[in-house]
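What the coordinates show
Each chain, written out:
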Amino acid sequence: MAKKKKRYIGKFFYWLRYRIGEYCLRGFVALLPRIPGRVIVRFISLAARLTFLLLWRFRKRMEENLSMAMGKEFHTREGQETIAWKAWRNFAQGVYETTCTLHSSKEGIRSTVAIQGEEHLKRALARKKGVIALSAHLGNFTIIGTRLAAGGYPFSVVVKHPRDQGFARLTDRYRASVGVTTISAKPRREAARQILRALRRNEVVLLIADEFKSGDVEVEFLGRTAPAPRGPATLALRTGAAVIPMFSTRDEKDHLILRIGPEIDLIRTGDLQEDVRANVTLFTRHLEAVVRRYPEQWNWLGFHRNGRRPRSEMGQSKTAGSAGQDPLSF
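All of these numbers come straight from a predicted model, not from anything done at the bench.

Definitions and cut-offs
Residues numbered from 1 in each chain as written. Predicted model: local features only at pLDDT ≥ 70, side-chain atom pairs only at ≥ 80, totals over all residues. Heavy atoms only, no water. Helix = DSSP H or I, 4+ residues; strand = E, 2+ residues; numbered from the N terminus. Rg over C-alpha atoms; globule rule 2.2 N^0.38 Å. Contact = heavy atoms within 4.5 Å. 1 Å grid on protein atoms, 1.4 Å probe; cavity = no way out; pocket = protein on both sides within 12 Å on 5 of 7 lines; lining within 4 Å. Points joined across faces, edges and corners; volume = space filled by probe spheres on them. Nonpolar A, V, L, I, M, F, W, Y, C, P; charged D, E, K, R; others polar. Buried < 20%, exposed > 50% of the residue type's maximum accessible area, 1.4 Å probe, protein only. Pairing = 2+ DSSP bridges. Core = buried A, V, L, I, M, F, W, Y, C linked by side-chain atoms within 4.5 Å.

**Thoughts on the overall build of the protein**
Along its length, the protein carries 12 helices and 9 strands. Taken over C-alpha atoms, the radius of gyration comes to 20 Å for the protein, in line with the 20 Å a tight globule of 330 residues would show. Along the first, second and third principal axes, the C-alpha atoms of the protein reach 55 × 55 × 45 Å. For the protein, contacts bridging at least 24 residues in sequence account for 78% of all contacts bridging at least 6.

The structure is reproduced here in structure tokens:
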């Protein structure tokens, strides 16, 4: 009886948390055009500072993850705290920027976010097999689809919805209002069908691929080994869709730039299972290289802390290296 009561209480607080989040989001979106920009910027900065101090457990976890992954680059406590703060601020600013696009014209969105490497996307779409955009929780990743949709590119994003359907439907409507189609990651079979349909229509499908929590391919990422899903590699090998890295990062003046890299040359030996494993590792190398290049813009809460340190003779890294590509070539 006590367990049942505890379960009901847990469900209630879960529901309450999402109702608070939903109405706060609705209010913020509705009030944004009525508040002067300078006031909003100051409010976002204050909110980021306040939450960074109050949510100290998350801050501590980010610093610990930084120490494990990039301890040589940021070996002092001050250096780790600085990167953690910049990453936290990046997320808060990204929420504000993404919300602003809901009230912006396509011309305004295009002028706000510059694009580098658009020729790679056009070349891939000319093959008429669709494009898999490979990205991470880095920079303002939520604005990638908005920017491409504003440029006339049909765009879908695969999203892991929360269990709360009301909040999920709200965010789906916001994405749809700026031209982005949402594909729910679950159920997986239906998600695969929708992704395949989008690729057959020669559209761009965004996959955020830096969550190493489950999967049956072991990869090396930031000095740890972790399980990675085989979905992106399997889709690319079976459909012939081009895999293109895309990251919306900030420059030294805090301006957003959507950086589109050249198509990743897939490893193809004729053995599908081995090719999947090799390409999952190859994709991970690209993601890791960008995280190391922009550590202050990545979500350090998602780092796989429980992974073990890789052995130097790890065969997967050698396989990935055979592709001969520089992940930072864009």
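**Looking at the layout of surface pockets**
Size it by volume and the second largest pocket reaches roughly 200 Å³. Lining the second largest pocket we find Lys 86, Arg 89, Asn 90, Arg 250, Asp 251, Glu 252, Asp 254, Glu 296 and Gln 297. Broken down by element, the lining of the second largest pocket gets its largest block of residues, 3 residues, from helix α4 (residues 77–101). Each residue belonging to the lining of the second largest pocket can be placed in one class, and the counts come to no nonpolar, 2 polar and 7 charged.

**Here's the deal with the side chain of Ser 248**
Turning to its location among the elements, Ser 248 is positioned in strand β8 (residues 242–250). Among all residues touching Ser 248, those that are not within four sequence positions of it are Val 113, Leu 138, Gly 139, Asn 140, Ile 143, Ile 144, Leu 256, Ile 257 and Leu 258.

**A look at the pairing of strand β5 (residues 204–208)**
For β5, the buried fraction is high: 4 of the 5 residues fall into the buried class. Where strand β2 (residues 131–135) and β5 come together, 5 bridges link them in parallel fashion. Residue pairing in the sheet places Ile 132 in a bridge with Val 205 of β5. In terms of strand pairing, strand β3 (residues 155–159) meets β5 through 3 bridges, oriented parallel. Of the residues in β5, the one forming a bridge with Phe 155 is Val 204.

**Looking at the side chain of Glu 63**
Among the structural elements, Glu 63 can be located in helix α3 (residues 56–70). Using a relative accessible area of 7% as the deciding quantity, one classes Glu 63 as buried. Leaving out residues up to four positions away in the same chain, Glu 63 has contacts with Arg 77, Gln 80, Glu 81 and Ala 84.

**Topic: the nonpolar core**
In terms of nonpolar packing, the biggest core is built from 61 residues, with Trp 298 and Trp 300 touching the most fellow members. Sort the elements by how many residues they give to this core and helix α11 (residues 272–293) lands first, with 8 residues. With residues near it in sequence (within four places) discarded, Trp 300 still touches Met 62, Asn 65, Leu 66, Ala 69, Met 70, Ile 83, Ala 87, Leu 222, Val 291 and Pro 295.

**Topic: unusual backbone geometry**
For the bond from Lys 186 to Pro 187, the omega torsion is 0 degrees, close enough to zero to count as cis. Within the fold, Pro 187 resides in the loop between β4 (180–184) and α9 (188–200). Of note in the backbone geometry, Asn 202 takes a positive phi value of approximately 65 degrees without being a glycine. With respect to the helices, strands and loops of the structure, Asn 202 is situated in the loop between α9 and β5. Positive phi outside glycine occurs at Asp 254, with the angle close to 70 degrees. On the secondary structure map, Asp 254 appears in the loop between β8 and β9 (256–260).

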